[in-house]
Amino acid sequence: MEKTDIEEESGTPPLPPPPTIPTNVKPEKAATPKRSVISRRGVGTDGRHISLLTNHFRVSMNVIDAMFYQYSVSITSEDKRVVDGKGIGRKVIDRLYLTYSSELDGKKFAYDGEKSLYTVGPLPQNNFEFTVVVDELLARSAKGSPGANGSPSGNGKRPKRSFQSKTFKVAISYAAKIPLKSIVLALKGSEVDNNAQDALRVLDIVLRQQAATRGCLLVRQSFFHDDSRHFTDVGGGVTGCRGFHSSFRTTQGGLSLNMDVSTTMILTPGPVIDFLLANQNIRDPRYINWEKAKRMLKNMRLKTKHSNMEFKITGLSEKPCNQQQFPLKMRNGNDANDEEQTLEITVYEYFTKHRGIELSVSAYMPCLNVGKPKRPNYLPLELCSLVSLQRYTKALSTMQRSTLVEKSRQKPLDRIRTVTDAVRNYKHDEDPVLSACGISIDRQLTQVDGRVLEAPKLKVGNSEDCIPRNGRWNFNHKKLLTPVRIERWAVVNFSARCDTSHLSRELINCGRNKGILIERPYNLIEEDPQSRRASPVARVENMFDLVRDKLPGPPEFLLCVLPEKKNSEIYGPWKRKSLSEFGIVTQCISPTKINDQYLTNVLLKINTKLGGTNSLLAIEHTSRIPLIKDTPTMILGMDVSHGSPGQADVPSIAAVVGSQCWPLISRYRASVRTQSPKVEMIDALYKPLANGNDDGMIRELLVDFFQTSNGRKPTQIVIFRDGVSESQFNQVLNIELEQIIKAYQHLGEVDFPKFTVIVAQKNHHTKLFQDGAPENVPPGTVVDTKIVHPRNYDFYMCAHAGMIGTSRPAHYHVLLDEIGFSPDDLQHLIHSLSYVYQRSTTAISIVAPVCYAHLAAQQMGQFIKFEDLSETSSSKTSITIEETVPVPELPRLHENVQGSMFFC
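Presented here is a report on the structure given in the accompanying data block. Just so it is clear, the structure is predicted and the values come from calculations on it, not from any experiment.

Calculation criteria
Residues numbered from 1 in each chain as written. Predicted model: local features only at pLDDT ≥ 70, side-chain atom pairs only at ≥ 80, totals over all residues. Heavy atoms only, no water. Helix = DSSP H or I, 4+ residues; strand = E, 2+ residues; numbered from the N terminus. Buried < 20%, exposed > 50% of the residue type's maximum accessible area, 1.4 Å probe, protein only. Contact = heavy atoms within 4.5 Å. Axes fitted to C-alpha atoms, helices over the stretch in contact; angles between N-to-C directions. Parallel < 35°, antiparallel > 145°, perpendicular 65-115°, else oblique. Left-handed = near helix turned anticlockwise from the far one by under 90°. Pairing = 2+ DSSP bridges. 1 Å grid on protein atoms, 1.4 Å probe; cavity = no way out; pocket = protein on both sides within 12 Å on 5 of 7 lines; lining within 4 Å. Points joined across faces, edges and corners; volume = space filled by probe spheres on them. Nonpolar A, V, L, I, M, F, W, Y, C, P; charged D, E, K, R; others polar. Salt bridge = Lys/Arg side-chain N within 4 Å of Asp/Glu carboxyl O. Core = buried A, V, L, I, M, F, W, Y, C linked by side-chain atoms within 4.5 Å. Expected span 1.5 Å × (residues − 1). Phe/Tyr/Trp six-rings, centres within 6.5 Å; stacked < 30°, edge-to-face > 60°.

1. Looking at the side chain of Thr418
Item 1. Within the fold, Thr418 resides in helix α9 (residues 412-426).
Item 2. With relative accessibility at 16%, the residue Thr418 sits in the buried group.
Item 3. Residues within four places of Thr418 in sequence aside, it is in contact with Arg242, Phe244, Val261 and Gln410.

2. Considerations on the packing of helix α5 (residues 272-279) against helix α6 (residues 290-297)
Item 1. In the contact formed by α5 and α6, the axes pass within 11 Å of each other and the chain directions differ by 115°. One element, α5, and the other, α6, form an angle in the roughly perpendicular class. The handedness of the crossing between α5 and α6 is right-handed. In contact with Val272, Phe275, Leu276 and Asn279 of α5, α6 contributes Trp290, Ala293, Met296 and Leu297.

3. What to know about the sheet that holds strand β40 (residues 793-798)
Item 1. An order of β35-β34-β33-β36-β37-β41-β40-β39-β23-β1-β38 is seen for the 11 strands of this open sheet, with the pairing classed as mixed. Strand pairing shows two members of the sheet lacking a second neighbour, β35 (668-675) and β38 (768-770), which therefore form its edges. Between one strand and the next, the sheet's axes are offset by a mean angle of 30°, whatever the strand orientation.
Item 2. Alignment of strand β33 (residues 633-641) against strand β34 (residues 652-659), held across 6 bridges, turns out to be antiparallel. Looking across to β34, one finds that Ser641 is bridged to Ile653.
Item 3. Relative to the sheet, helix α16 (residues 697-708) contacts β33, β34, β35 and β36 (716-722), its axis offset from that of β35 by approximately 170°.

4. Regarding empty space enclosed by the protein
Item 1. Inspection of the entire model under this criterion finds 7 cavities of 30 Å³ or more.
Item 2. One number sums up the size of the largest cavity: a volume of about 70 Å³.
Item 3. Asn474, Phe475, Asn476, Lys514, Asp596, Gln597, Thr600, Asn601, Leu604 and Thr841 are the residues that line the largest cavity.
Item 4. If one sorts the elements of the lining of the largest cavity by residue count, helix α14 (residues 596-609) sits on top with 5 residues.
Item 5. By residue class, the composition of the lining of the largest cavity is 2 nonpolar, 6 polar and 2 charged.

5. Observations concerning the pattern of salt bridges
Item 1. By the definition in use, this model includes 35 salt bridges.
Item 2. With a shortest N-O distance of 3.8 Å, Glu349 and Lys353 are connected by a salt bridge. Placement of both Glu349 and Lys353 in helix α7 (residues 347-354) is noted, with a separation of 4 residues, approximately one turn of the helix.
Item 3. On the basis of relative accessibility, which here comes to 29%, the residue Glu349 falls in the partly exposed class.
Item 4. For the salt bridge of Glu527 with Arg539, the shortest nitrogen-to-oxygen distance reads 2.8 Å. Taken as a pair, Glu527 in the loop between β29 (524-526) and α12 (536-550) and Arg539 in helix α12 lie far apart in primary sequence, 12 residues in all.
Item 5. Exposure remark for Glu527: the relative accessible area of 8% places this residue in the buried category.
Item 6. Here the salt bridges do not stand alone but share partners, grouping Arg669, Arg673, Glu700 and Asp704 into one network.

6. Examining the nonpolar core
Item 1. With 120 residues, the main nonpolar core has Tyr812, Tyr852 and Phe903 as its most contacted residues.
Item 2. Per-element accounting of this core gives the leading share, 9 residues, to helix α19 (residues 848-861).

7. Things to note about α9
Item 1. When the terminal C-alpha atoms of α9 are compared, their 21 Å separation across 15 residues agrees well with the 21 Å that a helix rising 1.5 Å per residue should span.
Item 2. Turning to α9, its buried residues are Pro412, Arg415, Ile416, Thr418, Val419, Thr420, Ala422, Val423 and Tyr426.
Item 3. Buried-residue contacts for α9 involve β2 (56-61), β11 (238-251), β12 (254-267), β22 (439-441) and β38.

8. Some words on the environment of Gly805
Item 1. Topologically, Gly805 is positioned in the loop between β40 and β41 (810-817).
Item 2. Gly805 sits in the buried class, given a relative accessible area of 9%.
Item 3. Expressed as a C-alpha distance, the spacing of Gly805 and Glu775, which sit 30 residues apart in the sequence, is 9.7 Å.
Item 4. Excluding residues within four positions of it along the chain, Gly805 makes contact with Arg409, Gln410, Lys411, Pro412 and Asn776.

9. Things to note about the sheet that holds strand β14 (residues 301-304)
Item 1. Strand order across the open sheet formed by 4 strands is β13-β21-β14-β15, with antiparallel pairing between neighbours. With one partner strand each, in any of the chains shown, β13 (270-271) and β15 (310-312) form the two edges of the open sheet.
Item 2. Where β13 meets strand β21 (residues 384-386), 2 bridges bridge the pair, whose relative direction is antiparallel. Considered in β21, the bridge of Pro271 is made with Ser385.

10. A short note on the packing of aromatic side chains
Item 1. Under the criterion given, the structure shown has 18 aromatic pairs.
Item 2. Relative to Tyr812, the ring of Phe795 has its centre 5.6 Å away and its plane inclined at 35°; by these criteria the two rings are tilted. Highlighted residues: Phe795 in strand β40 and Tyr812 in strand β41, separated in sequence by 17 residues.
Item 3. According to the relative accessible area criterion, Phe795 is buried, its value standing at 0%.
Item 4. Given a relative accessible area of 1%, Tyr812 falls into the buried group.

11. Concerning the pairing of strand β19 (residues 366-369)
Item 1. Two strands pair when backbone bridges link them, and strand β16 (residues 315-320) and β19 are joined in this way by 3 bridges, in the antiparallel orientation. Paired with Leu316 across the strands is Leu368, a residue of β19.
Item 2. Both β19 and strand β20 (residues 378-379) contribute to a ladder of 2 bridges, which runs antiparallel. Across the sheet, the residue bridging to Leu368 is Leu379, located in β20.

12. Overview of helix α4 (residues 195-213)
Every α-helix carries 3.6 residues per turn, so stepping three or four residues along brings you back to the same face.
Item 1. With 19 residues, α4 should cover 27 Å at 1.5 Å per step; its first-to-last C-alpha distance of 27 Å lies within 8% of that length.
Item 2. Following α4 by one or two positions, Gly215 adopts a phi angle in the positive range, close to 80°.

Below, the structure is given as structure tokens:
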């Protein structure tokens, strides 16, 4: 199933902060890089040719001598505090331009919303200071009112609106020159500095400014309109908002505009009460959990029905609306000289009697507090609605994500139509800054030549050949290549509605057909009904007590039946107990219908976890893989999983998998560690201890390779790194690779292996379409010309069959190739690695080692419940740089399962 393009990153400044370097690495390593990214060595020629379209739109530049001038912007308020709020910055600069356009010679500029603005050609002088007055519409506040939404004078009349003026000082000073010509040099592959990246960033800032002017929500280079036609309700008070990604890219074919459909998550706009009901999945307001509501609502923006004004929620009142009192100052008569008196009045009474507003449902609910700590400002819930385009940054549930994918996917022709319409409607090149550069944008998709590689032949049981068709195959009437024998096992059922006796019989029968001999289970263990209400950890403890009591000895395998299909709270504690403490391989299932297809998929996982092999590449089976067959070669897959954007303090999980049993490339062992939140570089690849030992991840995998490959040491290592951006490529080569080499040296080796380092990216916005056909591109499609980097060695590959939605190709960047693969050999290797994923009978969209690393991180990440850590984070003060927060370590795997593919 194709994922939808979800923007999960928060907005970033145009010039990114310096990268975080792991604590055990000296900074000078990055300052004097030993290695740099290699340039392209040629293109592939294998495969049948296919004509394609891509969502890149050709950009012409007619004024290549244009020069961007960068100016620093400093905005201070009347009390001399620096203003760094993104929203107010744009308001101030917009007002500045309207007021002082003539002083700036009428020159248009691009403002990044924060501290930089850019012009084509210089401003009249290098330094300016302006005073800017911004008017904000406010309602007049009276003493003792429940807030600035207005309060009555003695006669209870509705207050008048007023404008509050705020004055800002804006200092603009010259910072740098950025030549547009640097893009032309980069297109020729002769870029020697970062000028081209800076120039592209300016062009992208112009796109962001255009979107901001239209009132869009900005998420990096994606823009989202407040248009309910593009909203998709995914449940839980969350809505998917469809918008567009647009950015300029340098390619072999010239400068292009990459335009794509993108989706971000927002809070469902509308009445706050409706949001709380949806968020807590209840129908009656009486059952709202107000503690949970308070945490959820904090910092959300609302608009009031009675005054049409916006506020930010700071909390809830301690008492219900009809009991929460505040002091209201009133005069006895209409005369200004009349004596003032203070009344204690409830919020409910104030709105119903003094404002004449009927409140039907919120009398017994808490009020929303939109005031400050010492000056609360209470509003009845039913008068408040959440404003639109407020980002929701927490991780989606499985159900929400599947709903989003189902409702927002587009077939290739629909995607083409949406994107081309957007390019025509937005008319980006009519922007005055882009016009001054002589930039014009084609309105048609770019045509590109592709090649379709032949699917690799597979070997299954009885030495049968299996030839995939359209990226798919099956085990109907076939046996697994090396099936295991399962003798000591049991079924445990955590109160799921499942006939475990029927399940075990069917599993045994299906296993027999696939070549797996499964004895009858020792026991079918049902959870004690008394345990159901216990905590997940206690339920798992109780179940393991039952396993010990009812089995004659430790089982080699446990089949665990869970009551929930996804996100079961039992899953993490169960996996931790079985894999870390007892060293027992387990398979968790939650069957809805038990048939041959379902059981075959379950058996593929079980067989792999227990050491069997479902299928191999035919060339792997006969040891004929080019450049790998004669030289001991290890394949690594590396990935770092982070908490969702809303979880700033949840540790990141780093996982590395390494191939076993050379010359095979289908079996892997995993090593997983926690590290500081949001740190992308893996810092435990090499981890020297005080006693001289290395406790790093790579040592573990190197030793395992040696033990499973007949005592051969790897003299070639192919590294697939997932999830890093172009700005981090040099860190991969000079920080992570350096650690891997140190781990190799620590084992007493003098000669280093040869390395090939490849970054695999899925989070990009390039799509491929068949020219003249409505279907997705066929599996095995490769593009390594025209839309690729002008200098670097990269290519796009769509190895999988996109059955629904629009396929997203993987983007591979070859950073280093000491092994010396030809373009064809490397593309065939990568294509083949999409067919060795033991969990499924389909080619996958990215190489198996990367998927395995992701699975290992995901599974072991559930050993520790990080939600508790993040739950209180919003109330904590921000952590200073000097403070170091200890990162909880993951428990290590039991020696019985360390070398298994437990993550499958």
